[in-house]
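# Chain and residue survey
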Amino acid sequence: MKITKLETFTNEFVGFVRLTTEDGKQGWGQVSTYNSDITCQIFHRQIAPWALGTEIEDIETVIDKIPEHEHKYPGSYVLRAMSGLDTAVWDWRGKVAEKPVAELLGGTAGSLRSYASSMRRDITPQDEADRLKALKDKYGFDAFKFRVGAECGRDVDEWPGRTEEVVPTVRKTLGDDVSLLVDGNSGFSAKRAIEVGHMLEANGVEHFEEPCPYWLMEETKQVTDVISLDVTGGEQDCDFQHWKRMMDMGAVNVIQPDILYMGGMIRTMEVTKMGAERGYKCTPHCANLSMVTLFTMHLLRAIPNAGKYLEFSIEGPEYYPWQQELFVKDPYQIVDGHATVTDEPGWGVEISPEWLATSSYQISEL
């Protein structure tokens, strides 16, 4: 069945892809968030021409070859655009088979323990702790991630002393019966990250994400070698050779690919397989409530080395106004701290017609 039409609907922050085959059947996917309008331009210039007219059954080969066709443009944008093609194909396949994508990947529908993931640093430690406590009480979350340091902060905190204050404050407010995770967002040198890591150990934190500049894997490995909690990373990484080196050198304890940064499900599954072969658990990055979290839910229900929890952004309209009202029916209901992959075909979600009507539209077709 040949791919005959590829359409994008986008604004600056999020871009959806609709794929149509010669029999009129369709599937929906998404390019990566942020600068999605630029990404959709790349989609039509550098992705669609290689996909149109190809057999949808051969999409694995197409996905494998596009980075070679576009070898002069390695890295982020081409893969962020290719994600839209990949994820639309999986929705198409699921709808044709009348199965959720998780089942096509070898898994099942069902629930996933989720951690409430804060994106904010512009918040006092006590205010952060209080809002996490409210989420624990309302939705039953038993795992929480919050930010330490400053993004790419070069050892300069968001404000002096915030890191040392926020960790014990959150622990005291939430109690000892919850899992705590922190994200450094490339904020620390190895020396400083080790100091922070020991403080995290003393407060029972179990996950230290991207402590050092992610491109300096040797520095991250210094931290991993010294502290006892899980050092995690990989959300920014999209090159298979980089992933192989990261795992083979033991730079991290847990891998965190982002499906939309990686180029879609097919390439992400390659990374998770690489991790499984080397004994790594996978806790993917999915830091907003566009379709990326839904894709990740299906992935985690299918892979054998799924980590302990799903990242689930807690930010609402005051922080992410662009992620509001994207879907006809909200796929992100949390019950007792768990999200659920339904048995609806494909991704099991419908994009809001009202949102689509306000988006910028482009089409590539045979």
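Located above this text is the structure these notes cover.
Residue positions within a chain follow its written sequence, with the count starting from 1. In keeping with the model being predicted, local features are shown solely for residues with a pLDDT of at least 70 and side-chain atom pairs are shown and tallied solely at 80 or more, while totals for entire chains, interfaces and linings include all residues. Only hydrogens and water are set aside; all other atoms, that is, all heavy atoms of the structure, feed into the side-chain values.

If you tally the helices and strands in the chain, you get 13 helices and 13 strands. In this setup the radius of gyration rests on C-alpha atoms only. A globule is expected at 2.2 Å times the number of residues raised to 0.38. A compact globule built from 366 residues should have a C-alpha radius of gyration of about 21 Å, and the chain, at 20 Å, falls within 12% of that. Overall size of the chain, expressed as C-alpha extent along the three principal axes, is 60 × 40 × 35 Å. Buried means the residue's accessible area, taken with a 1.4 Å probe over protein chains only, is under 20% of the maximum for its type, while exposed means over 50%, and partly exposed covers the values in between. Buried positions account for 58% of the 366 residues belonging to the chain. A residue counts as positive if it is Lys or Arg and as negative if it is Asp or Glu; His and the chain ends are not included. Charged groups are reduced to one reference atom each: NZ for lysine, CZ for arginine, CG for aspartic acid, CD for glutamic acid. Within the chain, one finds 36 positive and 58 negative side-chain charges whose respective centroids are separated by 2 Å. In this description a helix means any DSSP run of H or I spanning at least four residues, a strand means any run of E spanning at least two, and both kinds are numbered starting from the N terminus.

In this section: the packing of aromatic side chains. When two rings of Phe, Tyr or Trp (its six-membered ring) have centres within 6.5 Å they constitute a pair, described as stacked for plane angles under 30 degrees, edge-to-face for angles over 60, and tilted for the intermediate range. Across all of its chains, the model carries 17 aromatic pairs by this definition. Their ring planes at 75° and their centres at 6.3 Å tell us that F327 and Y332 sit as a pair that is edge-to-face. Overall, F327 belongs to the buried group, its relative accessible area being 13%. Chaining the aromatic ring pairs together yields one cluster made of F16, Y139, F141, F144, F312, F327, Y332 and W355. In this analysis the charged atom, NZ for Lys or CZ for Arg, is taken to sit over a ring once it is within 6 Å of the ring centre and within 35 degrees of the ring normal. R93 extends its terminal NZ or CZ atom over the ring of W90, reaching a point 4.9 Å from the ring centre.

A separate point is the nonpolar core. Residues grouped as a nonpolar core are buried Ala, Val, Leu, Ile, Met, Phe, Trp, Tyr and Cys residues, joined through side-chain atoms within 4.5 Å. One finds L6, L85 and F208 to be the most contacted residues of the largest nonpolar core, which totals 110 residues. Here the element with the most residues in this core is helix α3 (residues 76–97); it accounts for nine residues.

Here we come to helix α1 (residues 36–51). An ideal rise of 1.5 Å per residue puts 22 Å on 16 residues; α1 reaches only 20 Å between its terminal C-alpha atoms. The principal kink in α1, of about 40°, is found at F43. All of the buried residues in α1 are S36, T39, C40, I42, F43, H44, Q46, I47, A48 and A51. On its buried face, α1 sits against β1 (3–10), β2 (15–21), α2 (59–69), α3 and β13 (360–365). Of the residues flanking the end of α1, it is G53, one or two places downstream, whose phi is positive at about 85°. Residue count minus one, scaled by 1.5 Å, sets the expected span of a helix. To get the bend at a residue, fit one axis to the 7 residues ending there and another to the 7 starting there, then take the angle between the axes. Whether two residues touch is decided by their heavy atoms; if any such pair falls within 4.5 Å, the residues are in contact.

Now for unusual backbone geometry. Within the chain, D155 stands out as a residue other than glycine whose phi angle is a positive 70°. One non-glycine residue, D336, lies in the positive phi region at around 50°. Of note, D336 is situated in the loop between β11 (310–313) and β12 (338–341). In this structure D336 comes out as exposed when scored by relative accessible area, which is 61%.

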